[in-house]
Amino acid sequence: KIVCSLSDLLNNFEGIPNSPTMESMINQYLPVEQTNRTVCLSELEISRGLYNTIEGLAYFHSVYKKLHCNISPENIVINTLGQWKLLGFGFSLSFQSSDSKSKSITSQGVPSPYFLRVSTSLIRLEPDLRYMAPELTVGGDNPNDIRYITTDCDVFSLGLIAYQVFSYYLDPSNRTSYRKSQSIIQLSTNSPSMHQLAIANNLNAYLSTHIPTYLPATLHQLLISMLAIYVTNRISIANLLSHIYFTSGTFTILNQLDNLRYKDIQTQSSTLLLLADNLKNLPKKIYELSILPIVSSLVTNNPSLLPYTFDIHRLILKEIGRDQYVLSAASSISKALLSSALSPDVIVLIVKEIRFIVDSFPQTVMEEPVVGFLCNALDINNSNIQV
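Residues numbered from 1 in each chain as written. Predicted model: local features only at pLDDT ≥ 70, side-chain atom pairs only at ≥ 80, totals over all residues. Heavy atoms only, no water.

Here's the deal with the overall build of the protein chain
Thought 1: Tallying secondary structure elements over the protein chain gives 17 helices and seven strands in all.
Thought 2: Looking at the protein chain as a whole, 51% of its 387 residues are labelled buried.
Thought 3: The long-range fraction of contacts in the protein chain, counting pairs at least 24 apart against all pairs at least 6 apart in sequence, stands at 69%.
Thought 4: Total accessible area on the protein chain stands at roughly 18,600 Å², and carbon and sulfur atoms take up 53% of it. (Helix = DSSP H or I, 4+ residues; strand = E, 2+ residues; numbered from the N terminus. Buried < 20%, exposed > 50% of the residue type's maximum accessible area, 1.4 Å probe, protein only. Contact = heavy atoms within 4.5 Å. Areas by Shrake-Rupley, 256 points an atom, 1.4 Å probe, with all protein chains shown as cover.)

Re the packing of helix α13 (residues 322–337) against helix α16 (residues 363–379)
Thought 1: Direction vectors running N to C along α13 and α16 enclose 20 degrees, while the axes themselves pass 9 Å from each other. Between α13 and α16, the angle falls in the class roughly parallel. In terms of crossing hand, the pair formed by α13 and α16 is left-handed. Between α13 and α16, the contacting residues are Val326, Ala330, Ile333, Ser334 and Leu337 on the first element and Val365, Met366, Pro369, Val370 and Phe373 on the second.
Thought 2: For the contact of α13 with α16, a count of residues per class yields nine nonpolar, one polar and no charged. (Axes fitted to C-alpha atoms, helices over the stretch in contact; angles between N-to-C directions. Parallel < 35°, antiparallel > 145°, perpendicular 65-115°, else oblique. Left-handed = near helix turned anticlockwise from the far one by under 90°. Nonpolar A, V, L, I, M, F, W, Y, C, P; charged D, E, K, R; others polar.)

Quick notes on helix α12 (residues 310–320)
Thought 1: For α12, the set of buried residues is Phe310, Ile312, His313, Leu315, Ile316, Leu317 and Ile320.
Thought 2: Looking at the buried positions of α12, the neighbouring elements they touch are α10 (265–275), α11 (284–301), α13 and α15 (354–360).
Thought 3: Immediately downstream of α12, the backbone of Gly321 shows phi near 90 degrees, a positive value.

Describing the packing of aromatic side chains
Thought 1: What the rule picks out here adds up to twelve aromatic pairs.
Thought 2: With a centroid separation of 5.3 Å and 75 degrees between ring planes, the pair formed by Tyr245 and Phe246 is classed as edge-to-face.
Thought 3: Judged by its relative accessible area of 2%, Phe246 falls in the buried class.
Thought 4: Look at Phe310 and Phe356: their rings are 5.9 Å apart centre to centre, the planes differ by 80 degrees, and that puts the pair in the edge-to-face class. Of the two residues, Phe310 is situated in helix α12 and Phe356 in helix α15; the sequence distance between them amounts to 46 residues.
Thought 5: The exposure class of Phe356 is buried, given its relative accessible area of 12%.
Thought 6: Through a chain of ring-to-ring contacts, three or more aromatic side chains come together here, namely Tyr51, Tyr245, Phe246 and Phe251.
Thought 7: Arg314 extends its terminal NZ or CZ atom over the ring of Phe356, reaching a point 5.0 Å from the ring centre. (Phe/Tyr/Trp six-rings, centres within 6.5 Å; stacked < 30°, edge-to-face > 60°. Lys NZ or Arg CZ within 6 Å of the ring centre and 35° of its normal.)

With respect to the pattern of salt bridges
Thought 1: Applying the stated rule across the entire model yields eight salt bridges.
Thought 2: One salt bridge in this structure joins Asp359 and Arg355, with 3.4 Å as the shortest N-O distance. One end of the pair is Asp359 and the other is Arg355, both in helix α15 and four residues apart, which spans about a single turn.
Thought 3: Classification of Asp359 by relative accessible area gives partly exposed; the value is 49%. (Salt bridge = Lys/Arg side-chain N within 4 Å of Asp/Glu carboxyl O.)

With respect to the packing of helix α3 (residues 43–62) against α11
Thought 1: The contact between α3 and α11 brings their axes to 10 Å, and the two run at 40 degrees. As judged from the angle between their axes, α3 and α11 are oblique. In terms of crossing hand, the pair formed by α3 and α11 is left-handed. Where α3 abuts α11, its residues Leu44, Glu45 and Arg48 lie against Lys285, Ile286, Ser290 and Ile294.
Thought 2: In terms of residue class, the contact of α3 with α11 is made up of three nonpolar, one polar and three charged.

Notes on the environment of Tyr206
Thought 1: By secondary structure assignment, the location of Tyr206 is in helix α6 (residues 192–209).
Thought 2: Spatially, the C-alpha atom of Tyr206 lies 9.4 Å from that of Ile185, the residues being 21 residues apart in sequence.
Thought 3: Excluding anything up to four places from it in sequence, Tyr206 contacts Tyr163, Ser167 and Ile184.

Observations concerning the nonpolar core
Thought 1: Of all hydrophobic cores here, the largest spans 117 residues; its most connected members are Leu9, Leu30, Tyr169, Ile291, Tyr325 and Ile357.
Thought 2: In terms of residues, this core owes the most to one element, helix α5 (residues 152–170), which gives 13 residues.
Thought 3: Once you skip the residues sitting within four places of it in the chain, Tyr325 turns out to touch Leu292, His313, Ile316, Leu317, Ile320, Ala330, Ile333, Phe356, Ser360 and Phe361. (Core = buried A, V, L, I, M, F, W, Y, C linked by side-chain atoms within 4.5 Å.)

Some details on the environment of Val351
Thought 1: Looking at the secondary structure, you find Val351 in helix α14 (residues 344–351).
Thought 2: Once the C-alpha coordinates of Val351 and Leu374 are considered, the two residues, 23 residues apart in sequence, prove to be 7.9 Å apart.

Here we look at the pairing of strand β3 (residues 76–79)
Thought 1: Burial along β3 is two-sided: the residues Ile76 and Ile78 and Val77 and Asn79 are all buried.
Thought 2: As paired elements, strand β1 (residues 2–5) and β3 share three bridges and run antiparallel to each other. Bridge pairing in β3 links Cys4 to Ile78.
Thought 3: Note that β3 and strand β4 (residues 84–86) share three bridges and pair antiparallel. (Pairing = 2+ DSSP bridges.)

A look at the confidence of the model for the protein chain
Thought 1: Per-residue pLDDT for the protein chain averages 86, and the proportion of residues at 70 or more is 90%.
Thought 2: By mean pLDDT, the top-scoring element of the protein chain is β4 (96), and the lowest-scoring one is helix α4 (residues 100–103) (38).
Thought 3: Note on residues 97–106: pLDDT is under 50 here. Beyond four places in sequence and across chains, it has 15 contacts. (pLDDT = per-residue confidence, 0-100.)

So this is what it looks like as structure tokens:
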């Protein structure tokens, strides 16, 4: 389920009519500061969302053989698990086409059909240049040559968005009760000549003078490499996926958890069993809005995973408090206890954790599932269960 777009976050939900339903969704699924009722994302949450988008973009490039050409905050949405998803494919270009004259791939890239002329009588729908790479408008309003673009143009767009979001949420000078966010590239019109001028002047000046001390050095260098003016100096999508910033530390653990649903049950159970020790000292909202929903979803889809999640449940209970834990965890545990698909070995493991379940939930919430589980367990002719 989609909660909002990244643009909604960056503009304080100005474009969304205020309603009790929307207010409830924001409070339930987003890390809201209670002091000023604004959403506050941590570096870890932003990095995770950025990597989600990079993965989606890499898939779009490699499987669908297309360039996105219009990545912007409006085209990135956030779901109830805190994951970012890429939308807005209306301006995408194919690498290959039966019409070899228009969209064939060459060593230079794909010929761009955008921003080829200026017309006062015709309004053309074209990508938002505030988030576009310089190669989309090279040559100004009336270029002499064909503009060729590659997958690197999407990397540049994502770099602009990443820089904007990190600055918006992590720069201490931005911590006000009400603030709006803007792209580094500011344009009064969606004009190629204005775009080229803004990149030549504003972007270079901003990057050379704005040193984000609130970011780790490896992350800052990563963003700079995404925003290289020349394509030959820009980091590729493949190197983004394997960059050290995304392959080390706590982020790796969260990414592993995000992708666990695609693994076999043996990998899922062994990973869940060892995961708790690596999930300590995270922001409270990460436990509540990301880790617990993913773990609960895994258990709902396969109740046999429940006994391998109890160490994670203990950690989350400690970090988010009993009230919120009960509200978020009760459903998946109840369903797992009453599942008819539990093997005797799994039942034995759950029986050993019954005390934790009983102590963690109100009697009114868990009495029926626990009693039902124990009755079912006693009906099974297994010596280990009987003991």
